[in-house]
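Observations on the three-dimensional arrangement
Here is what each chain is made of, one letter per residue.
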Amino acid sequence: MIGAGIVGTACACWLARDGHAVTLVDRQAPGTATSFGNAGAISPGSIEPLGTPGMLWQVPGWLLDPLGPLTVRWRHALRLAPFLTGLVRASSPARVARIAAELATYLPDALKAYEPLLAESRLGHLVRRDGMLWVFDSDAAFAKGQASIALRRRYGVPVENVTGDAMRQMEPALAPDLRHAVFLPDVGRVVDPAGLVTGLAQHLQRRGGQVMRAAVHEVTFGSDGPDAIVTDRGTLPADAIIVAAGAWSSTLARRLGSVVPLETERGYHVTIPDPKVAPRRMIQPHGQGFLATPMTMGLRVAGTVELASLEAAPDWRRAEVLLAKARRLFPGIDTANATRWMGHRPSLPDSKPVIGRSPMHKNVFYAFGHGHLGLTGAAATGRHIGDLVAGRPTAIDLKPFAIDRF
Ligand SMILES: Cc1cc2nc3c(=O)[nH]c(=O)nc-3n(C[C@H](O)[C@H](O)[C@H](O)COP(=O)(O)OP(=O)(O)OC[C@H]3O[C@@H](n4cnc5c(N)ncnc54)[C@H](O)[C@@H]3O)c2cc1C
């Protein structure tokens, strides 16, 4: 298993349940890359892809707004071109409807797929099931949000109307000028995303799995296909290889014969240790590209999309933007001593992960590209990978998630 983020670690746990001897290989400690700093939402109803017709119209305005949810570092435009053209192509009404239908086969089980792992590892206390409140600061924002609400309802995702008074009772710390809200009761909240990965990796070790700190550079091929991975700490023979290396997966996939338009959608967070306000659940100002999540270490405000590269230095002004947004959302907030972080969402233009067997090698499997939904989808992906490796039928048709769909 290459990659000890939430996706690789969840896959490893599912494989260990089947009795496989699993080695989880990562150049960093488990859960210290992208899975360290996400917003903590396990959101089974997030079937709407990133690219929609409505989104495309808003892009020019976002790019001109320094507080906007999207920035592009144009120096990287040439390299970003395959992702951006793919994103535009995936944004037509027909494609959006199809992608939503495909995600609606995969995401609804997201929380359920965590249940056995949380129970066995005794990590259930890290996941709360208290839903998410979407808030809207104007009638126009509420009108724009109706398409997202309608799409969810079409697939049976519960979305409850909340009056202004009820919103303030639910969340007294919110700004008084917010005009509308809806409640999504099915969203789970991870109160320590890094702790969840660390805990699952420890659980894997207790079950006899190995966690190895090494950078994977190469794959070697025997007469029957790939037979080992080459790391900076030696060669590791493998009966099966699973690539779950997040935003870094495309180099390994190319080595194994598959080319994918994987890009990093960089995102930021600020975590405020003593915010002096106490939201009770996740709050997302809809359409603004960030959410606020109460966690064990404080209030985390996370989001925004920055298109640049894996190597470009963080632009910490993006974290300042999040602090400014937090002050607007919660007028009483104290943002002193906030810590800041940047991470790499592993994103594909059609907002669907790659989950499946390699079309070239029967003992190679892919589990990457979960974009904005890696924490959400990790356990479900792990279950499917477990079924594939065991040769069992998968619970859903994985064709829409195949690596050769591009
Ligand atoms: C600001 C922000 C907020 C987010 N909020 C949410 C949210 O609320 N809900 C949600 O579901 N998702 C959210 N996400 C997305 C989610 O965090 C990611 O989709 C998820 O963490 C990806 O997990 P991963 O295991 O694929 O990748 P990672 O966590 O990045 O792990 C990949 C691992 O592979 C290792 N690796 C790579 N190449 C090699 C190599 N050659 N050799 C050895 N090791 C290698 C890396 O070191 C790394 O540890 C958010 C993301 C961001 C940035």
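Use the structure listed above.
Let me sum up the structure you'll find in this document. Remember, predicted model here, so these are calculated numbers, not experimental data.

1. Observations concerning unusual backbone geometry
Phi is positive for Arg-122, close to 55 degrees, though the residue is something other than glycine. Tracing the backbone shows Arg-122 in the loop between helix 5 (110-121) and strand 4 (127-128). Even without being a glycine, Lys-276 presents a positive backbone phi close to 65 degrees. Topologically, Lys-276 is positioned in the loop between strand 14 (263-272) and strand 15 (282-285). Judged by its relative accessible area of 53%, Lys-276 is exposed.

2. Notes on the site of the ligand
For the ligand, the set of nearby residues contains 33 residues, the closest of which are Asp-26, Thr-34, Ser-35, Gly-371 and Thr-376. Within the contact set of the ligand, an oxygen atom lies 3.3 Å away from a backbone nitrogen or oxygen of Ile-6. Note that a nitrogen atom of the ligand is positioned 3.3 Å from one of the backbone N or O atoms of Arg-27. Coverage of the ligand by the protein amounts to 97% of the 1000 Å² it exposes when considered alone. The set of elements that each furnish at least two residues to the shell around the ligand consists of helix 1 (6-17), strand 14, strand 18 (339-347) and helix 11 (374-390).

3. Points about the packing of helix 1 against helix 8 (residues 193-206)
Closest axis-to-axis distance for the helix 1/helix 8 pair is 9 Å, and the angle between their directions is 30 degrees. Accordingly, the angle class assigned to the pair helix 1 and helix 8 is roughly parallel. Taken as a pair, helix 1 and helix 8 cross one another with a handedness that is left-handed. Between helix 1 and helix 8, the contacting residues are Ile-6, Thr-9, Ala-12, Cys-13 and Ala-16 on the first element and Leu-196, Val-197, Leu-200, Ala-201, His-203 and Leu-204 on the second. Residues that form the contact of helix 1 with helix 8 fall into these classes: 9 nonpolar, 2 polar and no charged.

4. Describing the pattern of salt bridges
Counting across every chain of the model gives 22 salt bridges. Put simply, Glu-218 and Arg-255 hold a salt bridge, and the shortest N to O gap is 2.4 Å. You can see Glu-218 sitting in strand 10 (residues 216-222) and its partner Arg-255 sitting in helix 9 (residues 249-255), a full 37 residues away along the chain. When its relative accessible area of 31% is taken as the criterion, Glu-218 is described as partly exposed.

5. A short note on the pairing of strand 7 (residues 180-184)
Across a regular strand the side chains alternate sides, sitting on one face of the sheet and then on the other. Here strand 7 lies mainly inside the structure; 4 of its 5 residues are buried. As defined by bridge partners, strand 6 (residues 160-162) adjoins strand 7 across 3 bridges and the pair is classed as antiparallel. Bridging from a neighbouring strand, Glu-160 pairs with Phe-183 of strand 7.

6. A word on the packing of aromatic side chains
The geometry of an aromatic ring pair is captured by two quantities: the separation of the ring centres and the angle between the planes. By the definition in use, this model includes 5 aromatic pairs. Between the aromatic rings of Tyr-106 and Phe-401, the centroid separation amounts to 5.4 Å while the plane-to-plane angle is 50 degrees, which identifies the pairing as tilted. Of this pair, Tyr-106 sits in helix 4 (residues 93-106) while Phe-401 sits in the segment after helix 11, and the two are 295 residues apart along the sequence. Classification of Tyr-106 by relative accessible area gives buried; the value is 3%. By relative accessible area, which is 0% here, Phe-401 ends up buried. Between Phe-136 and Phe-142, the aromatic rings sit 4.9 Å apart at their centres with planes inclined by 70 degrees, giving edge-to-face as the arrangement.

7. Side note on the sheet that holds strand 4
The antiparallel open sheet is built from 3 strands, whose spatial order is 2-8-4. Two strands bound the open sheet, and with one partner strand each, they are strand 2 (41-42) and strand 4. In the sheet, strand 2 pairs with strand 8 (residues 188-190) via 2 bridges, with the strands oriented antiparallel. If you follow Ala-41 over to strand 8, its bridge partner there is Arg-189.

8. Let's talk about helix 5
Between its first and last C-alpha, helix 5 extends 17 Å over 12 residues, near the 16 Å set by a 1.5 Å rise per residue. Looking at helix 5, one finds that the buried residues are Ala-110, Leu-111, Ala-113, Tyr-114, Leu-117, Leu-118 and Ser-121. All buried residues of helix 5 project into a common sector of 150 degrees when viewed along the axis, lining one side. In helix 5, the exposed positions that point more than 90 degrees away from the buried face belong to Lys-112 and Ala-119.

9. Here we look at the sheet that holds strand 12 (residues 234-237)
Taking strand neighbours across the sheet as the criterion, the 3 strands line up as 10-11-12 in an open arrangement whose pairing is antiparallel. Two strands in the sheet have a free side with no partner beyond their single neighbour: strand 10 and strand 12. Each adjacent strand pair in this sheet contributes to an overall mean axis angle of 30 degrees, direction not counted. Summarising the sheet, strand 10 and strand 11 (residues 225-231) pair through 6 bridges and their orientation is antiparallel.

What counts and what doesn't
- Residues numbered from 1 in each chain as written.
- Predicted model: local features only at pLDDT ≥ 70, side-chain atom pairs only at ≥ 80, totals over all residues.
- Heavy atoms only, no water.
- Helix = DSSP H or I, 4+ residues; strand = E, 2+ residues; numbered from the N terminus.
- Buried < 20%, exposed > 50% of the residue type's maximum accessible area, 1.4 Å probe, protein only.
- Near = heavy atom within 4 Å.
- Polar contact = N/O pair within 3.5 Å; in protein donor to acceptor, adjacent residues only side chain to side chain.
- Areas by Shrake-Rupley, 256 points an atom, 1.4 Å probe, with all protein chains shown as cover.
- Axes fitted to C-alpha atoms, helices over the stretch in contact; angles between N-to-C directions.
- Parallel < 35°, antiparallel > 145°, perpendicular 65-115°, else oblique.
- Left-handed = near helix turned anticlockwise from the far one by under 90°.
- Contact = heavy atoms within 4.5 Å.
- Nonpolar A, V, L, I, M, F, W, Y, C, P; charged D, E, K, R; others polar.
- Salt bridge = Lys/Arg side-chain N within 4 Å of Asp/Glu carboxyl O.
- Pairing = 2+ DSSP bridges.
- Phe/Tyr/Trp six-rings, centres within 6.5 Å; stacked < 30°, edge-to-face > 60°.
- Expected span 1.5 Å × (residues − 1).
- Arc of directions from axis to C-beta.

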